[in-house]
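Spelled out, the chains give:
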Amino acid sequence: VTPAELRRLVPAATERTYLNTATYGPASRPVVAAIQDFTDRWSRGVAEYLEWEAAAEDCRRLFAKLVDAAVEDVAIQPYVSATAGAIAVQLRPGERVVVDDLEYTSNLWPWLYQRDRGVDVTVIPAREGRVDLEVWLEAIGERVAITAVSAMQSSNGYRAPLARLAAATHAAGGLLFVDACQGAGGIRLNPVEDGFDFLAADSYKWMMGPRGMGYLYLSKAAQERFRPVTMGWRSGRHPQESYYGVDMDLSPSASRFDSSLSWIAVVGDRESLGLLTTIGAGRIEAHNLALAARFRAGLTRLGQETDPFRPEEHSPIVAVHLPDGDAVVQRLKQAGVIASRRATGVRFSFHVFNDESDVDRALSALA
Ligand SMILES: Cc1ncc(COP(=O)(O)O)c(C=O)c1O
């Protein structure tokens with residue numbers, strides 16, 4: 001599958017200029033077909049739920065391939081907030097968390113909420129939509145339990161120096177939590193090489209899957225330091241043999257951190273991840289960054305303001321600072337361009353099904 005072939009499979013890409021993956025990634029036809037087949041067989045009572053459980057193992061393998069991780073280090077966990085919350089409640093009084101104030105609240109409130117239990121949470125104020133590495137390093141200091149940050153920021157696309165943050169966090173005795181809800185599927189993320197301890201990612205944005213499916217990579221250190229919080233049959237070594245009984249034979253792999261599955265989401269996600277892994281995360285990232293760069297260059301020509309990020313901080317999300325964001329989103333919509341209103345103005349996101357004609361259409365609609 002090439003990006004151009006995928007484009008033909010995504011109705012949102014052929015019917016309009018869809019630049020809103022940061023809100024939700026549109027379904028491709030194979031995803032829709034899998035879900036239709038699911039609802040059909042479900043309604044007629046002819047499906048075997050074990051097929052859907054097995055499909056989840058395909059998903060786990062595909063996600064592991066997408067992020068270059070070992071399959072035994074990947075759990076199925078659909079929501080960042082649930083994952084961050086399950087880690088946060090295990091922090092002890094006096095332990096430190098470092099996070100920045102740009103974070104989407106699913107990766108901010110779970111940590112802040114622990115303050116009344118005595119967890120020491122340092123929130124770094126961002127400046128001009130970003131945080132200097134020196135500021136991160138000073139906040140992490142010599143002792144930290146968790147540093148929490150997004151792979152790319154929901155509001156403006158800023159990419160923090162994740163590998164540097166991982167190294168500093170490890171040196172201070174802690175673990176790095178990466179919220180990759182904005183990122184996984186749209187940029188290349190390599191948790192093993194870059195030293196992340198947690199990578200949590202919902203499927204419904206850059207993985208173009210249904211809401212209700214998602215993944216959690218855990219390093220071995222994270223698996224040792226933290227326990228699964230939701231416990232049940234899916235935490236078993238053999239879930240299908242774990243329905244009854246007091247003998248808890250827990251999975252030795254990260255699957256003991258699994259949640260139970262939304263089967264309808266599983267069957268859709270398998271199709272989407274199949275397509276994305278065929279293209280490959282490296283190629284997807286290059287495609288997406290090139291479109292975002294073309295867009296930013298066009299904005300400069302139009303005199304429109306974006307964040308003054310360094311090249312390595314750029315991502316496929318671009319926020320344009322506009323005082324009348326709501327009106328602009330409506331105007332764009334009338335021109336068939338779908339973007340979203342965010343704090344600083346209007347947010348555009350470029351994914352692998354987009355092409356240069358989408359960028360140019362957005363720029364003419366903005367002009
Ligand atoms: C960076 C980021 N994290 C997480 C989420 C969603 O969080 P949850 O999985 O808790 O619904 C979003 C949604 O927009 C997001 O942009």
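Residues numbered from 1 in each chain as written. Predicted model: local features only at pLDDT ≥ 70, side-chain atom pairs only at ≥ 80, totals over all residues. Heavy atoms only, no water.

(A) Region of interest: unusual backbone geometry. Of note in the backbone geometry, D68 takes a positive phi value of approximately 55 degrees without being a glycine. One can find D68 in the loop between α4 (49-66) and β2 (74-76). (Helix = DSSP H or I, 4+ residues; strand = E, 2+ residues; numbered from the N terminus.)

(B) Seen up close, empty space enclosed by the protein. According to the stated counting rule, one finds 1 cavity of 30 Å³ or more in the structure shown. If you add up the space inside the largest cavity, you get close to 60 Å³. Lining the largest cavity, in full, are N156, R296, T306, D307, F309, E313, H314, S315, I317, V318 and A319. Among the elements that make up the lining of the largest cavity, the one with the highest residue count is strand β9 (residues 317-321) (3 residues). Here the lining of the largest cavity is composed, by residue class, of 4 nonpolar, 4 polar and 3 charged. (1 Å grid on protein atoms, 1.4 Å probe; cavity = no way out; pocket = protein on both sides within 12 Å on 5 of 7 lines; lining within 4 Å. Points joined across faces, edges and corners; volume = space filled by probe spheres on them. Nonpolar A, V, L, I, M, F, W, Y, C, P; charged D, E, K, R; others polar.)

(C) Just the sheet that holds strand β11 (residues 340-342), in detail. As summarised here, the arrangement of the 3 strands in space is β9-β12-β11, forming an open sheet in which the pairing is antiparallel. Two strands bound the open sheet, and with one partner strand each, they are β9 and β11. For this sheet, the mean inter-axis angle between neighbouring strands, taken without regard to orientation, is 35 degrees. Across 3 bridges, β11 lies against strand β12 (residues 345-349) in antiparallel orientation. The residue bridging R342 from the neighbouring strand is G345, located in β12. Set on the sheet, helix α13 (residues 325-334) makes contact with β11 and β12; between it and β12 the angle comes to about 45 degrees. (Pairing = 2+ DSSP bridges. Axes fitted to C-alpha atoms, helices over the stretch in contact; angles between N-to-C directions. Contact = heavy atoms within 4.5 Å.)

(D) View of helix α5 (residues 80-88). Most of α5 is tucked away, with 7 of its 9 residues classed as buried. Listed in full, the buried residues belonging to α5 are V80, T83, A84, G85, A86, I87 and A88. Buried positions along α5 lie against α6 (109-112), β5 (146-150), β6 (175-179), β7 (198-202) and β8 (214-218). (Buried < 20%, exposed > 50% of the residue type's maximum accessible area, 1.4 Å probe, protein only.)

(E) Region of the structure containing the pairing of β7. For β7, the tally of buried residues reaches 5 of 5 residues, placing the bulk of the element in the interior. Neither face of β7 is left uncovered, since the one carrying F198, A200 and D202 and the one carrying L199 and A201 both have all their residues buried. Looking at chain direction, β6 and β7 are connected through 3 bridges and run parallel. Paired with V178 across the bridge in β7 is L199.

(F) Highlighting the packing of α13 against helix α14 (residues 356-366). The N-to-C vectors of α13 and α14 enclose an angle of 125 degrees; their axes lie 10 Å apart at closest approach. One way to sum up the angle between α13 and α14 is to call them oblique. α13 and α14 meet at a crossing whose hand is right-handed. Between α13, through V328, R331 and L332, and α14, the contact on the second element is made entirely by A362, A365 and L366. (Parallel < 35°, antiparallel > 145°, perpendicular 65-115°, else oblique. Left-handed = near helix turned anticlockwise from the far one by under 90°.)

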